[in-house]
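Tertiary structure, described
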Amino acid sequence: MKYAFFQGCNIPIRIQQYATATEAVLKVFDVELHVENDFNCCGYPMRNVDEKSYILPSARNLALAEKACLDIMVLCNCCFQSLKKAQHVLANDEALAAELNEVLAREGLEYTGKTQVQHFLTILHDQIGIDTIKSKLHYRYTKLDCAVIHGCHLLRPRKITNFDDSFVPAITDSLMQAAGAKSIDWQGRLECCGAALAGINDELANSLLDEKIKGAQAAGVDFIVPICAYCYLQCDIAQVNNLKKQPDKATDTPFPVLLYPQLLGLCLGLPPTTLGLPDNQTISSDDIDSLQSLLGPPVEPKKSRKKVKTTT
């Protein structure tokens, strides 16, 4: 398998470990990722400003992948939704597709809709498959409870993202379970992290973040696992920055945040440094030691059978 790797704007600059950990994990499964240097922004910042200006950047990215005869793999949920939205709009608006193709033709590009857009988790779950993942494991977690945050743009609107059930998502739970980790049911699982409000209403953005941190603490989990790049930035970097701004909390230990490819990568025998674990601002060396201490044999525990009482 080979995909054009669409990283968006944030990941190459602010969350490089998300990309490097993903590349390392997929290499185990012989998935080749092609970095297309001509990819531009997905257009997400223009979403609520001008529809045509929102769709055109994604149409260009899709046309670039189409020219390379590759499907696209996406990590960032906002980019994923933007690319899927462009596909949906252009499939239902021939006039707009023709107009945007006139623009793309100036660069020798054409959008016809051939290129498919896949999220990283979909490739793991549907293309590689749970059984193949399990066959490559060196270890499984003996006990690891996590609070997964899906983010807003991966699951909704389902008719566009077509990722999973918007209200009862199962793909992430299945992938967590494959590694021996448990995605617990908690209040922040499907809620907004507040990142979209940062810089507009910081008080509300921080309030939503604080809810998530307290919710994870109350749930008694070991780590927060954001699927969305913006949720990661909020839970990891913004959490640390907020603590530093509060004199009475400046020395508090932040709640640790882990990315799914980092979680899975340790089970595949990849070193913490290869997975960029030390780059997470909320992860300490003690957290890494703790994670590694939870790694056990790559076998699923046997299910206990209840004895059936016999009557005479």
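Keep in mind it's a predicted model, so treat the numbers as computed, not measured. In this numbering scheme, every chain counts its residues from 1 along its sequence in written order. At least 70 in pLDDT is required for a residue's local features to be given in this predicted model, at least 80 for side-chain atom pairs to be given and counted, and no such filter applies to totals for whole chains, interfaces and linings, which use all residues. The side-chain values count all of the structure's non-hydrogen atoms but skip hydrogen atoms and water molecules.

In this section: the overall build of the protein. The secondary structure listing takes helices from DSSP runs of H or I that are at least 4 residues long and strands from runs of E that are at least 2 residues long, numbered from the N terminus. Helix and strand content of the protein: 13 helices and 9 strands. The principal-axis extent of the C-alpha atoms belonging to the protein is close to 75 × 55 × 45 Å. Categorising residues by exposure relies on relative accessible area from a 1.4 Å probe, with only protein chains included: less than 20% of the type maximum marks a residue as buried, more than 50% marks it as exposed, and the intermediate range marks it as partly exposed. Counting over 312 residues, the protein shows a buried share of 53%. Residue pairs at least 24 apart in sequence account for 78% of intrachain contacts in the protein once pairs closer than 6 positions are excluded. Accessibility throughout is a Shrake-Rupley quantity obtained with a 1.4 Å probe, and a residue counts as covered only by protein chains that appear here. With the model as given, the accessible surface of the protein reaches about 15300 Å², and the carbon-plus-sulfur share is 49%. Positive: Lys, Arg. Negative: Asp, Glu. His and the chain ends are not part of the count. The atom standing in for a charge is NZ when the residue is Lys, CZ when it is Arg, CG when it is Asp and CD when it is Glu. A gap of 8 Å separates the mean positions of the 31 positive and 36 negative side-chain charges of the protein. Whether two residues are in contact is decided by their heavy atoms: any pair within 4.5 Å suffices.

One turn of an α-helix holds 3.6 residues; hence residues three or four places apart share an orientation. Taken together, the buried positions of helix 6 (residues 120-128) are F120, L121, T122, I123, L124 and I128. G129 sits one or two residues past helix 6 and shows a positive phi near 95 degrees.

Cis geometry marks the peptide bond from R156 to P157; its omega dihedral reads -10 degrees. Topologically, P157 is positioned in the loop between strand 6 (145-149) and helix 8 (158-161). Positive phi values are uncommon outside glycine, yet C69 reaches one of about 60 degrees. When you line up the elements, C69 lands in the loop between helix 3 (51-67) and strand 3 (71-74). For N162, which is not glycine, the phi torsion reads 50 degrees and is therefore positive. Among the structural elements, N162 can be located in the loop between helix 8 and helix 9 (171-178). A relative accessible area of 54% places N162 in the exposed class.

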